[in-house]
Amino acid sequence: MPAAVLASPALFAEKAGMAAGETHRAIEAVFRIERARLIAALARMTRDVDRAEELAQEALLAALTEWPKSGVPDKPGAWLVATAKRRAIDGIRRGAMQDRKHAEIARELDGERDMSAEAVEAALDDPLGDELLGLIFAACHPVISPDARAALTLRLVGGLTVEEIARAFLSNEAAIAARITRAKKAIAKAGVGFEVPRGAELTARLGSVLEVIYLIFNEGYAATAGSSLVRPPLCAEAQRLGRIVAGLMPDEPEVWGLLALMEIQASRLTARAGPDGAFVPLTEQNRARWDQLLIRRGLNALARAEALEGAEGPYALQAALAACHARARRAEDTDWTRIAALYDRLRGVMPSPVVELNRAVAHSMAFGPEVGLRLVDEIADAALLRNYAPLPAARGDFLLRAGRFEEAKAQFETAAELSANERERAFLLARATACSAADR
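What this report covers is the structure whose coordinates are included nearby. Since this is a predicted model, take the numbers as computed values, not measurements.

### A closer look at the overall build of the chain
- For the chain, the count of helices and strands is 21 helices and zero strands.
- In the chain, the proportion of contacts linking residues at least 24 apart, taken out of those at least 6 apart, comes to 64%.
- When the accessible surface of the chain is summed, it comes to about 20700 Å², and 52% of that surface belongs to carbon and sulfur atoms.

### Observations regarding the packing of aromatic side chains
- Per the stated rule, a full pass over the model turns up five aromatic pairs.
- For the pair Trp-67 and Trp-79, a centre-to-centre distance of 5.2 Å together with 70° between the ring planes defines the contact as edge-to-face. Of this pair, Trp-67 sits in helix H3 (residues 49–70) while Trp-79 sits in helix H4 (residues 76–94), placing them 12 residues apart in sequence.
- With a centroid separation of 5.8 Å and 85° between ring planes, the pair formed by Tyr-214 and Tyr-315 is classed as edge-to-face. Here Tyr-214, found in helix H11 (residues 199–221), pairs with Tyr-315, found in helix H15 (residues 314–327); they are 101 residues apart in sequence, far enough to count as distant.
- We classify Tyr-315 as buried; its relative accessible area is 14%.

### Points about the pattern of salt bridges
- All told, the structure shown has 22 salt bridges when counted by the stated rule.
- A salt bridge links Lys-184 to Asp-50, with the nearest nitrogen and oxygen atoms 2.7 Å apart. Separated by 134 residues along the polypeptide, Lys-184 in helix H10 (residues 173–190) and Asp-50 in helix H3 bring together distant segments of the chain.
- A salt bridge links Glu-237 to Arg-240, with the shortest nitrogen-to-oxygen separation between them at 2.8 Å. One end of the pair is Glu-237 and the other is Arg-240, both in helix H12 (residues 232–248) and three residues apart, which spans about a single turn.
- By relative accessible area, which is 10% here, Glu-237 ends up buried.
- Residue classification places Arg-240 among the partly exposed residues on the basis of a relative accessible area of 32%.
- Beyond isolated ion pairs, a larger network of salt bridges with shared partners links Asp-50, Glu-53, Arg-155 and Lys-184.

### Considerations on the side chain of His-325
- With respect to the element layout, His-325 can be found in helix H15.
- Once residues lying within four places of it in the same chain are set aside, the contact partners of His-325 are Arg-268, Leu-282, Arg-287, Trp-290, Thr-334, Trp-336 and Ile-339.

### Notes on the packing of helix H13 (residues 253–266) against helix H14 (residues 292–307)
- The contact between H13 and H14 brings their axes to 7 Å, and the two run at 160°. Classified by the angle their axes make, H13 and H14 are roughly antiparallel. Pair H13 / H14 crosses with left-handed handedness. The segment H13 lies against H14, with Pro-253, Trp-256, Gly-257, Leu-259, Ala-260, Glu-263, Ile-264 and Ala-266 engaging Leu-294, Ile-295, Arg-297, Gly-298, Leu-299, Ala-301, Leu-302, Arg-304 and Ala-305.

### Observations regarding the side chain of Gln-285
- Looking at the secondary structure, you find Gln-285 in the loop between H13 and H14.
- When neighbours within four sequence positions are excluded, Gln-285 is seen to be in contact with Arg-268, Ala-271, Arg-272, Val-280 and Trp-290.

### Remarks on H15
- With 14 residues, H15 should cover 20 Å at 1.5 Å per step; its first-to-last C-alpha distance of 20 Å lies within 8% of that length.
- With 12 of 14 residues buried, H15 is to be regarded as a mostly interior element.
- Buried residues along H15 sit in contact with H11, H13, H14 and helix H16 (336–349).

### Concerning the environment of Ile-216
- Its place among the elements puts Ile-216 in helix H11.
- Along the sequence, Ile-216 and Leu-154 sit 62 residues apart, while their C-alpha atoms lie 8.6 Å from each other.
- When sequence neighbours within four positions are dropped, the list of residues in contact with Ile-216 reads Ala-150, Leu-154, Leu-234, Ala-238 and Leu-241.

### Comments concerning the packing of helix H20 (residues 405–418) against helix H21 (residues 422–438)
- Two elements in contact, H20 and H21, have axes separated by 8 Å at closest approach and are oriented at 165°. On the basis of the axis angle, H20 is roughly antiparallel to H21. In the packing of H20 onto H21, the handedness of the crossing is left-handed. Of the residues in H21, those touching H20 at Phe-405, Ala-408, Lys-409, Phe-412, Glu-413, Ala-415 and Ala-416 are Arg-425, Leu-428, Leu-429, Arg-431, Ala-432, Cys-435, Ser-436 and Ala-438.
- Along the lines of polarity and charge, the residues of the contact of H20 with H21 split into 10 nonpolar, one polar and four charged.

### Observations concerning unusual backbone geometry
- Of note in the backbone geometry, Glu-309 takes a positive phi value of approximately 65° without being a glycine.
- One can find Glu-309 in the loop between H14 and H15.
- We note that Asn-387 has phi near 65°; this positive angle belongs to a residue other than glycine.
- Turning to its location among the elements, Asn-387 is positioned in the loop between helix H18 (369–379) and helix H19 (390–401).
- You can call Asn-387 exposed: its relative accessible area is 65%.

### Observations concerning the environment of Leu-248
- Mapped onto the fold, Leu-248 is located in helix H12.
- Residue class for Leu-248 comes out buried when judged on its relative accessible area of 18%.

Cut-off values and rules
- Residues numbered from 1 in each chain as written.
- Predicted model: local features only at pLDDT ≥ 70, side-chain atom pairs only at ≥ 80, totals over all residues.
- Heavy atoms only, no water.
- Helix = DSSP H or I, 4+ residues; strand = E, 2+ residues; numbered from the N terminus.
- Contact = heavy atoms within 4.5 Å.
- Areas by Shrake-Rupley, 256 points an atom, 1.4 Å probe, with all protein chains shown as cover.
- Phe/Tyr/Trp six-rings, centres within 6.5 Å; stacked < 30°, edge-to-face > 60°.
- Buried < 20%, exposed > 50% of the residue type's maximum accessible area, 1.4 Å probe, protein only.
- Salt bridge = Lys/Arg side-chain N within 4 Å of Asp/Glu carboxyl O.
- Axes fitted to C-alpha atoms, helices over the stretch in contact; angles between N-to-C directions.
- Parallel < 35°, antiparallel > 145°, perpendicular 65-115°, else oblique.
- Left-handed = near helix turned anticlockwise from the far one by under 90°.
- Expected span 1.5 Å × (residues − 1).
- Nonpolar A, V, L, I, M, F, W, Y, C, P; charged D, E, K, R; others polar.

Structural data, given as structure tokens:
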């Protein structure tokens, strides 16, 4: 069965002739929880992502057949791994053993004679979590394009279906399935291992992992296109991935920095849109709607990053910026001078035109709109900012606050033309209309 069209537990149950019941729901819950670790273990054994997914589904089908009769085992995750492992060995034995790689894998697996649930559970309890972490690093390998890394990570680690990923990224299922297939082929062609890299390679590859997780989060936090301003399920999945990596790599400050950034930003999700779905800017949001639990989690993660001497990391600095807003009970209490200083530090470790644009916004809030206009003029010709709606939107805001209404109106209209998100476009056009009213 192709990985792109793998059936759900419920569909498997239907095919197996099982009636829905408590055991069935327990199996579905167990598989949802254990799926990523199961695929990680199997991918490491077989060196084949597609085969790992197939074996995981075969183990699920076996559970749907056996557990209703025998009951859910004490260690269900270990049972699934042991079952899938036996099937992997059987499959290799049945296959043509001329391939030296397959023969080597078969010998390795056959040499592990203790296939008991207890033995497998002990292996899964490895505190380093190397198998799951290895799967995450493989899915985010630099040989794969960033968009394909995101899709593959959501599929393998997040457990999302191709349909769910396509819906999240406003794409079609065929395109997402093709993207995932290409990513798997790239992994196979490059001979990517499913182990955690070490030393300098770990440092280099970690950046790719964090980048993919944040890419997923950002698409949920500020949808690039479509009729919805936010896609909370994508944010939630990115936060879950971030928590997994933080649990597996507790001494990496930038992991905690990213987690802090996502938790704090996610705390504002419900306040970013009004009852009609319209965009609500940060300075006008109802802060009583911000999720205080997520804010506390984010601030704790930021403190952890700083305790690990990671305060100057790019994600930690961005989290510190988000924390400034989270700590302000009212918009007018925001410490814009500190935010401007943090952006000054961020541009030193993460130089980019987008950071410079955000820095201009911060300086305009701290020191006046004319300062912001001067700073955006310095970066206006950057190639990355061409056709980038936030640039004219920011300039429009500076001009509006400076009392230059007609110029501000033109900038907001330009920004609206460049925006692909319907809610954002409507907000920008409303600001343009407000400029006309103010100019009378």
